[in-house]
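Architecture at a glance
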Amino acid sequence: MRRDTLETRAKLIEAAEQLFAERGIDGVSLADINQRAGQKNRNAVHYHFGAKESLIHAVLDKHSAGIECRRRELLDDTGESPDLRDLVCALVIPVAEKLEDSDGGVAYLKINGQLMANASYAEVRLKRARHMDQAKRMSRLFECVLEHEQPGDLAARLLLVDCMLFQGLASYASRRPSVPRAAFVAILIDSICSVMSAPPAREQQK
């Protein structure tokens, strides 16, 4: 792409990222994004990205490559037989590092939190995970470590973990409680380990 095209796309992505985090995805129009990005052409977003969903993907793509790379490093360091805590750390740490990413990291957390609760866009995140190598690798490793789990039970646990991860970090970013970031992340890792290792509900009812 030409340099000016890349610069325009970057401005539109940054504007969308800010506005989605501030107002919510459904509360932002393509015209709002054009205006925030300083584009005189009212059709700039449509020209570069088409529909809003493509722009959402572009915002997420801005961060996902770095998260995938960091996750690959952590998983590679665990060796051939990672335990549950190793996997949870590899899941949490790359995302938690977005708290300190001044280039839209907190907005990324907030947008993911919105997407998982939005019936119109929840499938966007699921589609993306199916094409991300480290996300697929994480799923396979969780299945191996928790091989006793029924598929439906594991899926339910991973759904809860997804909510804890993004909603928890987004809430921490918004509220900034007195607990230091490292301590909060450690508590989050412990909590997710507890969810993943808890006995199945049917066993608890016996």
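Everything that follows concerns the structure shown earlier in this document.
Here goes a summary of the coordinates provided.

Cut-off values and rules
- Residues numbered from 1 in each chain as written.
- Predicted model: local features only at pLDDT ≥ 70, side-chain atom pairs only at ≥ 80, totals over all residues.
- Heavy atoms only, no water.
- Helix = DSSP H or I, 4+ residues; strand = E, 2+ residues; numbered from the N terminus.
- Contact = heavy atoms within 4.5 Å.
- Areas by Shrake-Rupley, 256 points an atom, 1.4 Å probe, with all protein chains shown as cover.
- Lys, Arg positive; Asp, Glu negative; His and termini not counted.
- Charge placed at Lys NZ, Arg CZ, Asp CG, Glu CD.
- 1 Å grid on protein atoms, 1.4 Å probe; cavity = no way out; pocket = protein on both sides within 12 Å on 5 of 7 lines; lining within 4 Å.
- Points joined across faces, edges and corners; volume = space filled by probe spheres on them.
- Nonpolar A, V, L, I, M, F, W, Y, C, P; charged D, E, K, R; others polar.
- Buried < 20%, exposed > 50% of the residue type's maximum accessible area, 1.4 Å probe, protein only.
- Arc of directions from axis to C-beta.
- Polar contact = N/O pair within 3.5 Å; in protein donor to acceptor, adjacent residues only side chain to side chain.
- Phe/Tyr/Trp six-rings, centres within 6.5 Å; stacked < 30°, edge-to-face > 60°.
- Core = buried A, V, L, I, M, F, W, Y, C linked by side-chain atoms within 4.5 Å.
- Expected span 1.5 Å × (residues − 1).
- Axes fitted to C-alpha atoms, helices over the stretch in contact; angles between N-to-C directions.
- Parallel < 35°, antiparallel > 145°, perpendicular 65-115°, else oblique.
- Left-handed = near helix turned anticlockwise from the far one by under 90°.

Another aspect to go through is the overall build of the protein. Scanning the protein for helices and strands turns up eleven helices and zero strands. Secondary structure of the protein in N-to-C order comes out as α-α-α-α-α-α-α-α-α-α-α. In the protein, of all internal contacts separated by at least 6 residues, the share reaching a separation of at least 24 is 71%. With the model as given, the accessible surface of the protein reaches about 11,500 Å², and the carbon-plus-sulfur share is 50%. Taken together, the 29 basic and 29 acidic charged side chains of the protein have centroids lying 7 Å from each other.

Here we come to the layout of surface pockets. Taken as a whole, the largest pocket encloses approximately 970 Å³ of empty space. Along the walls of the largest pocket sit 33 residues, with R125, L126, A129, A135 and D162 positioned nearest its centre. For the lining of the largest pocket, the elements supplying multiple residues, two or more each, are helix 4 (52-77), helix 5 (84-96), helix 6 (105-117), helix 7 (122-129), helix 8 (133-145) and helix 9 (151-175). No other element matches helix 9, which puts nine residues into the lining of the largest pocket. Its residues placed into classes, the lining of the largest pocket shows 22 nonpolar, three polar and eight charged.

Another aspect to go through is helix 7. Those residues of helix 7 lying buried are V124, R125 and R128. Looking down the long axis of helix 7, one finds its buried residues gathered within 95° of arc, a one-sided arrangement. Buried residues along helix 7 sit against helix 4, helix 6 and helix 9.

A separate point is the side chain of T8. Along the polypeptide, T8 turns up in helix 1 (residues 3-23). At 2.9 Å, the side chain of T8 and the backbone oxygen of D4 are in polar contact. The residues contacting T8, other than those within four sequence positions of it, are Q39 and H48.

The final tally for this structure, using the stated rule, is two aromatic pairs. On the basis of an interplanar angle of 70° and a centroid distance of 6.2 Å, the ring pair of Y108 and F166 is categorised as edge-to-face. Highlighted residues: Y108 in helix 6 and F166 in helix 9, separated in sequence by 58 residues. By relative accessible area, which is 7% here, Y108 ends up buried. Aromatic pair Y172 and F184: ring centres 4.5 Å apart, planes at 25°, arrangement stacked. Here Y172, found in helix 9, pairs with F184, found in helix 10 (residues 181-197); they are twelve residues apart in sequence, far enough to count as distant.

The next point concerns the nonpolar core. Formed by 56 residues in total, the largest nonpolar core has its most connected members in I33, V92 and L169. Among all residues touching V92, those that are not within four sequence positions of it are L165, V185, L188, I189 and I192.

End to end, helix 5 covers 18 Å across 13 residues, agreeing with the expected 18 Å (1.5 Å per residue, within 8%). Those residues of helix 5 that are buried are in contact with helix 4, helix 6, helix 8, helix 9 and helix 10. With a side-chain oxygen positioned 3.2 Å from the backbone nitrogen of R85, the residue opening helix 5 is D83.

Two quantities define a packed helix pair, namely the angle between the axes and the distance from one axis to the other. Where helix 5 meets helix 9, the closest approach of the two axes is 11 Å, and the angle between their N-to-C directions is 25°. By the angle class used here, helix 5 and helix 9 are roughly parallel. In this structure, helix 5 meets helix 9 at a crossing whose hand is right-handed. Counting all contacts with helix 5, which are made through L91, V92, V95 and A96, the residues of helix 9 involved are V161, L165, F166 and L169. Classifying every residue of the contact of helix 5 with helix 9 by side-chain character gives eight nonpolar, no polar and no charged.

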